[in-house]
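An overview of the molecular structure
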Amino acid sequence: MKLLKDKVAKLSFVALLATVTASMFYTPTAAAHGEKSQAAFMRMRTIHWFDLNWSKEEVPVNDTMTISGKFFVFSGWPETVDKPEISFLNIGIPGPVFIRAGSWIGGQLVPRSVSLELGETYDFKVLLKARRPGDWHVHTMLNVKGGGPIIGPGKWVTVTGSMKDFKNPITTLTGETIDLETYNLDNTYFWHAFWYALGLAWMGYWMKKPMFIPRSIAVESGKADSLISSTDRKVAMGFAAGTIAIVAMSMSTTNEKFPVTTPLQAGLLRGIKSIEMPVTSVAVKVEDATYRVPGRAMQMTLTITNNGDSAVRLGEFNTAGVRFLDSNVAQDETGYPDDLLAEEGLTVSDNSPLAPGQSRTVQVTASDAAWEVYRLADLIYDPDSRFAGLLFFYDEAGKRQLITIDAPLIPTFI
Ligand SMILES: [Cu+2]
C-alpha cells in the first residue's frame, strides 16, 4: 500500500514538473504585434493603408521580396498625434529578420525621414532581403515624430535557409566591395579588446601589491608619499605617453587606410510626391453610424449619390487595415492577411447598381470577428468616438473609385 502511495506521489511530482516545463516553453502565436493595443480611433483616423501587396509568402535567405501599396494620410488627423511633418517609412518586424534593401515613397528613395501632408495619398514600396529563417509577421509601418508608430497590416512571411549564408554586399564609391554583415567587425573587436586590456594592465600593475588596508594605514599615518615609488611614476608616465602615442599613430594609420570618408548623411526629405487621385463622381454622406457593445459589427446609414456616367456598386469598406468586402462586387486577389480580410463582411441593404444621377440611402453593415479581434470594438474606451475609413465603389466596367468617409460612431447598448 505504501509502495503504491509513493509511486503516486512520485508520478504526480513528475506530472507537475512536466506541466511547469511545458508552460515555460509555451508561447502562443500572436497574430498582431502592437497595433491591437493602440487606441482604435487613432488607428482609424491616421494612416489608411490600401492596395497592399506582399510579393512573396516564402523567401529563402538572401532573396528579396517587396511590399508595396498606397497610404492615405487622413485629413482629420487626431490632435494628440503630431502632424506627419517628420515621418519615417519603417517596417514592423522583430529585429532585422529581413534587411531593408530599399524603400521608396512616390518613386523617391527614402532612407531618411520625410514630410507628409494631411489629405494626400502616397504610393510606397519596400524592398526586403531575407536574413533570418522563421515565420515572421511583416508589417508596413510609419513612424511619426511626436506621434509614435502607426502600424499597418501585417502578413506572415516565411524565411527558409540558414542565417549563416546571409550576405549584404555593397560597393563603396571608392570601388571596394564589402559585406556589411561583417564589415569592420574584427577591427572593432580588436580596438575594444586592446583598450580594455590596457585598462586591466594598469589595474593589474597596482593590484600586485596589497591594495586596501596597508595603504589606508599608510595614508592615515601621514606616509602617503611612500606608497608611490619612482618606478611607479615611470610606469604611469609610460602608460600616459604610450596611450597618447597609440591614439595619434592609430588615428593617422586609419586616415591613411581610409583617406575618403564622409559624415553621416541626415536631414528631412521634403517635397515627397503624392499620387494625383482621380476625381470622384460618387458622393457619400454618413447619416449616422453606430456599433453594438458588445458586438462584432458597425452599422452606417449612407446616402450615396452617383454623379458619374456609369452605374456604381459599393464593394469595400476599409478601416484600420480591416477590409470588409461585399463578395458580389469585389474579391481580394492580393492574398491579403486572412485575419484582416472579411470576404463577405460587408452587407448593404440595397447594393443594386446605382444609376448615374441617382441617389439612395442604404444601411451598410461591416461585420467580422476582426472588429473584435483587432479591438476596434474598444473604441468604447477612447476619448473620441469617431471613425474614418475608405469606401471603394466599382462601376460597370470594374473601374474603382475611392471615397473617404468619417463621422461620429455612436455605441448602442444591449
Ligand atoms: Cu504582427
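The notes below deal with the structure included here.

**Examining the pairing of strand β9 (residues 148-160)**
Sheet topology note: the strand β2 (residues 58-60)/β9 ladder contains 3 bridges and is parallel. If you follow V59 over to β9, its bridge partner there is V159. For strand β8 (residues 134-144) and β9, the ladder comprises 10 bridges, and the chain directions are antiparallel. Directly across from W136, in β9, lies its bridge partner V157. Here β8 hands over to β9 after 3 residues, with G146 in that stretch at a positive phi of 85 degrees.

**Brief notes about the coordination of the copper ion**
Bound to the copper ion on the protein side are H33 (ND1), H137 (ND1) and H139 (NE2), at distances that span 1.8 to 2.0 Å. Residue H33 is classed as partly exposed on the basis of its relative accessible area of 38%. For H139, a relative accessible area of 2% translates into the label buried.

**With respect to the packing of aromatic side chains**
The description of two aromatic rings rests on the distance between their centres and on the angle between their planes. Applying the stated criterion across every chain yields a total of 17 aromatic pairs. Ring plane angle 50 degrees and centroid distance 5.9 Å describe the contact between F50 and F392, whose orientation is recorded as tilted. Taken together, the positions of F50 in strand β1 (residues 47-54) and F392 in strand β19 (residues 386-395) put the pair 342 residues apart, joining distant regions of the chain. Here F50 and F392 have matching classes, each one buried. Above the face of the Y374 ring, K36 is positioned so that its terminal group lies 5.8 Å from the ring centre.

**A word on unusual backbone geometry**
The residue after V293, namely P294, is reached through a cis peptide bond having omega -10 degrees. Note that P294 resides in the loop between β12 (282-293) and β13 (297-306). One non-glycine residue, A320, lies in the positive phi region at around 50 degrees.

**Considering the sheet that holds strand β14 (residues 312-319)**
Within the open sheet, the 5 strands sit side by side as β16-β15-β14-β19-β20. Their pairing is mixed. The open sheet is flanked by β16 (341-342) and β20 (400-408), the only strands paired with a single partner. With 2 bridges connecting them, strand β15 (residues 322-325) and β16 associate as parallel partners. Within the sheet, the bridge partner assigned to F324 lies in β16 and is A342.

**Quick word on a nonpolar patch on the surface**
A surface patch of nonpolar side chains, about 1000 Å² in accessible area, is lined by Y196, L200, W202, M203, M207, M211, F212, I213 and I217. Of all the secondary structure elements, the ones that give two or more residues to the nonpolar patch are α3 (185-207) and α4 (213-220). If one sorts the elements of the nonpolar patch by residue count, α3 sits on top with 5 residues. Secondary-structure assignment places M207 in helix α3. By relative accessible area, which is 45% here, M207 ends up partly exposed.

**Overview of the pattern of salt bridges**
Pairs may arise between side chains of opposite charge once their charged atoms sit close together. Under the defined criterion, the tally for this structure stands at 12 salt bridges. As a salt-bridge pair, D51 and K70 come within 2.8 Å of each other at their nearest N and O atoms. Separated by 19 residues along the polypeptide, D51 in strand β1 and K70 in strand β3 (residues 64-73) bring together distant segments of the chain. When its relative accessible area of 31% is taken as the criterion, D51 is described as partly exposed. The salt bridge partner of D51 is R400, with a shortest N-O separation of 2.7 Å. Of this pair, D51 sits in strand β1 while R400 sits in strand β20, placing them 349 residues apart in sequence. You can call R400 partly exposed: its relative accessible area is 33%. When salt bridges that share partners are traced, they join D51, K70 and R400 into one network.

**Examining the environment of D350**
Along the chain, D350 falls in the loop between β17 (346-348) and β18 (359-367). According to the relative accessible area criterion, D350 is partly exposed, its value standing at 33%. In sequence terms D350 and R313 are 37 residues apart; their C-alpha atoms lie 9.5 Å from each other. In contact with D350, not counting residues within four places along its chain, are R360 and V362. Of the polar contacts made by the side chain of D350, one reaches the side chain of S352; its length is 2.7 Å.

**What to know about the packing of α3 against helix α5 (residues 230-257)**
Relative to each other, α3 and α5 sit at 175 degrees, their axes nearing to 11 Å. Relative to α5, the element α3 is oriented roughly antiparallel. The residues of α5 that touch α3, namely those facing W191, F194, W195, L198, A201, W202, Y205 and W206, are T231, D232, V235, A236, F239, T243, I246, V247 and S250. The residue makeup of the contact of α3 with α5, split by class, is 13 nonpolar, 3 polar and 1 charged.

**Looking at empty space enclosed by the protein**
If you walk through the whole model with that rule in mind, you get 2 cavities of 30 Å³ or more. In this model, the largest cavity occupies a volume close to 120 Å³. Lining the largest cavity are 14 residues, and of these I151, G152, P153, A320 and G321 lie nearest its centre. Residue assignment for the lining of the largest cavity shows that the elements contributing at least two residues are β1 and β9.

**Observations concerning the side chain of T319**
Residue position: T319 is located in strand β14. Exposure remark for T319: the relative accessible area of 0% places this residue in the buried category.

Each value, and the rule that gives it
Residues numbered from 1 in each chain as written. Predicted model: local features only at pLDDT ≥ 70, side-chain atom pairs only at ≥ 80, totals over all residues. Heavy atoms only, no water. Pairing = 2+ DSSP bridges. Helix = DSSP H or I, 4+ residues; strand = E, 2+ residues; numbered from the N terminus. Donors = N, O, S within 2.8 Å, 3.2 Å for Na, K, Ca; no water. Buried < 20%, exposed > 50% of the residue type's maximum accessible area, 1.4 Å probe, protein only. Phe/Tyr/Trp six-rings, centres within 6.5 Å; stacked < 30°, edge-to-face > 60°. Lys NZ or Arg CZ within 6 Å of the ring centre and 35° of its normal. Patch = residues over 30% accessible without salt bridge, like charges linked within 9 Å, V, L, I, M, F, W, Y side chains within 5 Å. Areas by Shrake-Rupley, 256 points an atom, 1.4 Å probe, with all protein chains shown as cover. Salt bridge = Lys/Arg side-chain N within 4 Å of Asp/Glu carboxyl O. Contact = heavy atoms within 4.5 Å. Polar contact = N/O pair within 3.5 Å; in protein donor to acceptor, adjacent residues only side chain to side chain. Axes fitted to C-alpha atoms, helices over the stretch in contact; angles between N-to-C directions. Parallel < 35°, antiparallel > 145°, perpendicular 65-115°, else oblique. Nonpolar A, V, L, I, M, F, W, Y, C, P; charged D, E, K, R; others polar. 1 Å grid on protein atoms, 1.4 Å probe; cavity = no way out; pocket = protein on both sides within 12 Å on 5 of 7 lines; lining within 4 Å. Points joined across faces, edges and corners; volume = space filled by probe spheres on them.

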